[in-house]
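Breakdown of the fold
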Amino acid sequence: MVREQLNSEVKNHLEAFKEMQKTSPGLQHASYKLLAGAPPQEKKLLTVGISSIEHPHGSHLLDTLHSLFQATSDPELAHIIVLVHLSESDPERLHRAAANISGPFAPHLESRRLLVVSGLLGDSPLPRPLPPSQSSPCEALRSRQREGHALLMNFASELSEYFLLLEDNTQCAPRFVSAIYWTLAAWRELRWVVLEFSSLGSGQVLRSSDLPRFTSFCLLFPEDAPTHLLLSKFRLLLAQTVPIRFGVSLFHHMGNRSQLEDACFPVEEDRVFGEADNPAAVVHTDMLSLVHIGPQYAYVLNEEYYFTLDPVEGNHLTVILDSPQRVNRVAVLTGTSEQGLYRLHQGQVLLGSEPIGDSGGCARYTLLGPLVGGNLDQRVFYEEGAVEQLTCIQLLVLESQESWLLIKQIKVWTEYEEEEES
């Protein structure tokens, strides 16, 4: 019901939002209290933002911070600032929560890698929660969450170039900062609003320059609208029509959520894909093939691979499916596993529909994403109202390179494991 309400209100509020971007004061009247640490002396690449609110089953904030710093190397730490916003109205509990962080994470606080703050909206125009007697438990919880996120993002907008939103019950994959860094480098010249490194409520990356616009966007909706739904509508307004979500999640939930939290914040769990199931297809390329090594080798799910000499800008390798398929995930692997030799340095993957006869490929292509370190692994989503079937998957060379290219494997998933078992 909330999603349907937001869809309706997004259409109604588009013009109001455009006007608000010019005139809104945002959260200029918000006030903050510095509880531990100090802001960095120079702008960082990435702010890791965590808003912590009271949970019925207790807080996992300390476990989240332990996981975050254990997963980050010293060189990676030089490029990030971890910002924690504590939402707590009782001063005694607030200072106790800050003290619990200050002890185990003192080195990070002293090095200006960790900053703990608490904020108040003041006279800011963010819709205020209803009195407890008039609001449902979900409305009150969502309102606290959104207020915490708005204050967090408002404070973070000048700290770094990019912003990563994490929940306070998140386990981080090792070297997640490097994975995000290289992904951002590959996407730098492309159009995007939100990059998703998990299917959970954690792991969305935005440009810090968009944070003021997002907090302004929040002002248009009821106070109980969940943040993750607002983010999805925000990217639609800024012309990112489908999610950009990577195939391997960098973030996972830790601990148990209460029944109330599950009811108030229903999020998509990580899909179990199982093994790729490459449907029948033919493969065409205009690259120079070696004798006895055809392009089909790149698509067969075994140890075979496809080698080519000195690919040039505009070369392609295109998989043309025998019949249109609803593809859910695509992975393209180039180069050797060791040392990354013979990988494609600059390339991207396109998805095609409207097949042309006689194996001529497809008439319409849309970008799935660029290769990151010679590889791509992304979920596939479809625009609302679009035909949810694909015929072509194309690897396109963006820049000539004077070295061999090894296309190790192209993997395609058309079904989820749980759907196969049902």
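Residues numbered from 1 in each chain as written. Predicted model: local features only at pLDDT ≥ 70, side-chain atom pairs only at ≥ 80, totals over all residues. Heavy atoms only, no water.

Further remarks concern the state of the cysteines. All chains considered together, the criterion is met by one disulfide. Bridging Cys-362 to Cys-392, the disulfide has an S-S length of 2.1 Å. In this structure the cystine formed by Cys-362 and Cys-392 twists about its S-S bond by roughly 90°; its chirality is therefore right-handed. A residue pair is termed long-range when its members are at least 10 positions apart, and Cys-362 in strand β16 (residues 362–370) and Cys-392 in strand β18 (residues 390–397) qualify at 30 residues. (Disulfide = S-S within 2.5 Å. Helix = DSSP H or I, 4+ residues; strand = E, 2+ residues; numbered from the N terminus.)

On inspection of all chains with the given rule, the structure shows nine salt bridges. Here Glu-161 makes a salt bridge to Arg-188, at a shortest N to O gap of 3.0 Å. Note that Glu-161 is positioned in strand β5 (residues 160–166) and Arg-188 in the loop between α7 (176–187) and β7 (195–196), a separation of 27 residues in sequence. Among the residues examined, Glu-161 registers a relative accessible area of 34% and is labelled partly exposed. (Salt bridge = Lys/Arg side-chain N within 4 Å of Asp/Glu carboxyl O. Buried < 20%, exposed > 50% of the residue type's maximum accessible area, 1.4 Å probe, protein only.)

Right, let's get into helix α4 (residues 91–102). The end-to-end C-alpha distance of α4, which contains 12 residues, comes to 16 Å, matching closely the 16 Å that a straight helix rising 1.5 Å per residue would cover. Inspection of α4 places Leu-94, Ala-98 and Ile-101 among the buried residues, and these make up the whole buried set. Considered in projection along α4, the buried side chains sweep an arc of 55° and stay on one side of the axis. Residues of α4 that are buried sit in contact with β1 (31–36), α2 (61–70), β3 (80–86), α5 (106–110) and β4 (114–120). For α4, the N-terminal capping position is held by Asp-90, with its side-chain oxygen 3.2 Å away from the main-chain nitrogen of Glu-92. (Expected span 1.5 Å × (residues − 1). Arc of directions from axis to C-beta. Contact = heavy atoms within 4.5 Å. Polar contact = N/O pair within 3.5 Å; in protein donor to acceptor, adjacent residues only side chain to side chain.)

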